[in-house]
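The lines below spell out each chain.
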Amino acid sequence: MYADDWAAWHEAHERRRARPHGLLAATGLHWLTPEWQRFDDVPGEWRDAPDGVSMRTEDGETNLGQVGEDGVELMFGDVMAEVARRGTEVILRPRDPRNPVRLAYKGTPAFPPDEKWIVTGRFVEDRQEITIDTVVDGLKLADAALGRVDFTLEGTELSLTVFDGFEIIFRDATSGVTTYGASRTLTIDPPADDGTVVLDFNRATNLPCAYTEFATCSLPPPENVLPVAVEAGEKSP
């Protein structure tokens with residue numbers, strides 16, 4: 001049964017969201033500078049200098065070098081410190097499994113799964129780099145667009161830009177009403193040999209910014225704001 005498969009998928013997604021060092025455990029979002037800084041939720045002093053990111057404690061100094069968007073993770077007891085690049089800046093984001101936000105998390109409501117929200121589209125490859133806004137004021141990120149997917153939903157012809165990893169970030173007429181206002185995300189499988197793809201909007205999920213102020217989530221480009229109400233997938237937390 002499709003409903004059973006969807007329930008198993010969503011339960012697994014909820015477990016990943018609430019994992020001990022997921023973003024629900026984030027206790028801060030610190031922007032590193034060339035000057036040494038100390039923060040309350042992670043040991044040591046930190047800076048982002050021309051030779052890369054460094055941290056120092058009473059045991060000495062460690063240079064992490066130049067970090068990328070995927071970043072590096074350091075453990076300090078139960079606390080994990082994520083260091084990653086966002087645009088031209090570097091963030092330090094501690095994650096503590098004891099964070100009250102994570103401990104209080106009881107799950108996310110969703111629309112009942114309905115197979116009418118599973119549609120077939122056609123992928124059109126058009127690789128380019130797109131600059132998109134984020135939930136952080138003034139922060140823009142360059143993201144790799146793979147192309148677009150054209151499809152029909154509720155009798156309306158639509159198109160969505162598809163990003164690296166075959167991820168789609170979108171808003172629709174439910175955004176800010178019954179679903180999270182900033183955006184939701186949907187991951188699709190790569191296209192078949194004939195270019196067809198399947199979009200299952202029942203598997204649309206919230207980005208971390210729906211749960212924590214310490215996220216740097218991307219916002220959808222203008223063409224990914226749909227004029228229809230996609231009453232499928234996760235609702236507002």
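Relevant structure appears above.
Each chain has its residues counted from 1, following the order in which its sequence is written. Local features in this predicted model are restricted to residues of pLDDT 70 or higher, and side-chain atom pairs are both shown and tallied only at a pLDDT of 80 or more, whereas totals for entire chains, interfaces and linings draw on every residue. In computing side-chain properties, one takes all heavy atoms of the structure into account and sets aside hydrogens as well as water.

(A) Up close: the side chain of Asn202. Helix and strand assignments come from DSSP, with helices taken as H or I runs of at least 4 residues and strands as E runs of at least 2, each series counted from the N terminus. For Asn202, the location among the structural elements is in the loop between strand S14 (196-200) and strand S15 (205-206). The cut-offs for exposure are 20% and 50% of the maximum accessible area for each residue type, with area from a 1.4 Å probe on protein chains only; residues under the lower value are buried, those over the upper are exposed, and the others partly exposed. Note on Asn202: relative accessible area 1%, which makes it buried. N or O atoms closer than or at 3.5 Å make up a polar contact, with two conditions inside protein: a donor-capable atom paired with an acceptor-capable one, and, for residues adjacent in sequence, both atoms drawn from side chains. Here Asp200 takes part through its side chain, which lies 2.9 Å from a polar atom of the side chain of Asn202. Residue contacts are counted whenever heavy atoms from the two residues lie within 4.5 Å of one another. Ignoring any residue separated from it by four or fewer positions in sequence, one finds Asn202 in contact with Tyr2, Trp6, Trp9, Pro112, Pro113, Asp114, Glu115, Trp117, Ile118, Ala232 and Gly233.

(B) Examining the pattern of salt bridges more closely. Salt bridges are identified by distance alone: a Lys or Arg side-chain nitrogen within 4 Å of an Asp or Glu carboxyl oxygen. A complete count under the given rule lists 13 salt bridges for this structure. One salt bridge connects Glu234 with Arg17, and the closest N-O pair in it is separated by 2.7 Å. Here Arg17 lies in helix H1 (residues 2-17) and Glu234 lies in the segment after S15, a separation of 217 residues in the sequence. Accessibility assignment for this pair places Glu234 and Arg17 in one class, buried. With its nearest N and O atoms 3.9 Å apart, the salt bridge here joins Arg86 to Glu82. Across the pair, Glu82 and Arg86 agree in class, each one buried. Through salt bridges that share partners, Glu82, Arg86, Arg93 and Arg95 make up one connected network.

(C) Up close: the sheet that holds strand S1 (residues 30-31). One bridge is not enough; two strands pair if DSSP finds at least two bridges between them. The antiparallel open sheet is built from four strands, whose spatial order is S1-S8-S7-S6. The sheet is open, and its two borders are formed by S1 and strand S6 (72-76), each paired with just one other strand. Two strands pair when backbone bridges link them, and strand S7 (residues 79-86) and strand S8 (residues 89-95) are joined in this way by seven bridges, in the antiparallel orientation. Following the sheet pairing, Arg86 is matched in S8 by Glu89.

(D) Representation of the sheet that holds strand S3 (residues 42-49) in the model. One open sheet holds the four strands; their spatial order is S2-S3-S4-S5, and the pairing between them is antiparallel. If you trace the sheet from one side to the other, it starts and ends with strand S2 (37-39) and strand S5 (60-65), each paired once. Averaged over all pairs of adjacent strands, the angle between their axes in this sheet comes to 30°, without regard to strand direction. Here S2 pairs with S3 via three bridges, running antiparallel. Counted as the bridge partner of Arg38 is Glu45 from S3. Axis definition: a line fitted to C-alpha atoms, over the contacting stretch in the case of helices. Angles run 0 to 180 degrees between N-to-C directions.

(E) View of the state of the cysteines. In plain terms, two cysteine sulfur atoms within 2.5 Å form what is called a disulfide here. Counted according to the given criterion, the structure contains zero disulfides. The structure places no disulfide on Cys209, whose sulfur is separated from the nearest cysteine sulfur, that of Cys217, by 3.1 Å. Its relative accessible area of 11% is what places Cys209 among the buried residues.

(F) Local environment of the environment of Arg86. Tracing the sequence through the fold places Arg86 in strand S7. Placed 55 residues apart in sequence, Arg86 and Leu141 show a C-alpha to C-alpha distance of 7.1 Å. Not counting the four nearest positions on each side in its chain, Arg86 is found in contact with Trp31, Glu69, Ile91, Arg93, Leu139, Leu141 and Thr216. A polar contact of 3.0 Å, which involves the side chain of Arg86, links it to the backbone oxygen of Glu69.

(G) Just unusual backbone geometry, in detail. The backbone of Glu154 shows a phi angle near 55°, a positive value even though the residue is not glycine. Positionally, Glu154 belongs in the loop between strand S10 (140-153) and strand S11 (156-163). With a phi angle near 55°, Phe166 is a residue other than glycine that sits in the positive phi range. With a relative accessible area of 17%, Phe166 lands in the buried category.

(H) Representation of the pairing of S10 in the model. Sheet topology note: the strand S9 (residues 118-133)/S10 ladder contains ten bridges and is antiparallel. Paired with Thr131 across the two strands is Ala142, which belongs to S10. Counting the residues that bridge the hairpin from S9 to S10 gives six residues, and of these Gly138 lies at a positive phi of roughly 85°. Both S10 and S11 contribute to a ladder of eight bridges, which runs antiparallel. In the strand pairing of S11, Val149 is matched with Leu160. Following S10, the chain reverses through two residues before pairing antiparallel with S11; Glu154 in that reversal takes a positive phi of roughly 55°.

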